[in-house]
Amino acid sequence: QVQLVESGGGLVQAGGSLRLSCAASGGTFSSYNMGWFRQAPGKEREFVAAISWSGGSTYYADSVKGRFTISRDNAKKRVYLQMNSLKPEDTARYYCAIKQRFSVSGTGDVLYWGQGTQVTVSS
């Protein structure tokens, strides 16, 4: 059974940084396309960033491009999200996910979800 466990969330002031981590167990991590999504209260879950199984390709939502960086370590079975220049509108619960297809950003393409980690950005 595949499991994803996120960590690294917290409270940070606007302009600050956080690094989220997602640890995977079960399955063959090095074959998975991975992604990060987020969900703010009262809003739908939305795509944030994705990385291909090899780590050679990445893409981002326009709202985070230039501020967030997704990366992975296949040997450690981890995927990361470095978040810089955080804004209050980045406040949400962030979810790690295994995606069926790298280039599809919809939540319907997700095969497995983690339980999420809360990120709160104060103004």
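Heads up: the structure comes first, above all this text.
These remarks concern the structure in this document. Residue positions within a chain follow its written sequence, with the count starting from 1. Predicted model: local features are reported for residues with pLDDT of at least 70 only, side-chain atom pairs are reported and counted for 80 or more only, and whole-chain, interface and lining totals are derived from all residues. Side-chain metrics in this entry use all non-hydrogen atoms of the structure; hydrogen atoms and water are not considered.

## Observations concerning the state of the cysteines
Spelled out, the test is: Only a pair of cysteine sulfur atoms within 2.5 Å counts as a disulfide in this structure description. Helix and strand definitions here come from DSSP, where helices need a minimum of 4 consecutive H or I residues and strands a minimum of 2 consecutive E residues; each element is numbered from the N-terminal end. Buried residues are those whose accessible area, probed at 1.4 Å on protein chains only, stays under 20% of the maximum for their type, while exposed residues exceed 50% and partly exposed ones sit between those limits.
Under the defined criterion, the tally for this structure stands at 1 disulfide. Residue Cys22 pairs covalently with Cys96 via a disulfide, S to S 2.1 Å. Because the torsion about its S-S bond is -75°, the bridge between Cys22 and Cys96 counts as left-handed. Taken together, the residues Cys22 in strand β3 (residues 18–25) and Cys96 in strand β9 (residues 92–99) connect sequence positions 74 residues apart. Judged by relative accessible area, Cys22 falls into the buried class, the value being 0%.

## Side note on the nonpolar core
In plain terms, the rule: We call a set of buried residues a nonpolar core when its members are Ala, Val, Leu, Ile, Met, Phe, Trp, Tyr or Cys and they connect through side-chain atoms within 4.5 Å of each other. Note on contacts: a residue pair qualifies if any of its non-hydrogen atoms lie within 4.5 Å across the two residues.
Judged by nonpolar contacts, the single largest core of 35 residues is most densely connected at Met34, Trp36, Val79, Leu81, Met83 and Tyr94. Residue assignment for this core shows that the elements contributing at least two residues are β3, β4 (33–39), β5 (46–51), β7 (68–73), β8 (78–83), β9 and β11 (117–122). If we ignore the near neighbours within four places in the chain, the residues touching Met83 are Gly16, Ser17, Leu18, Leu20, Arg67, Phe68, Tyr94 and Val119.

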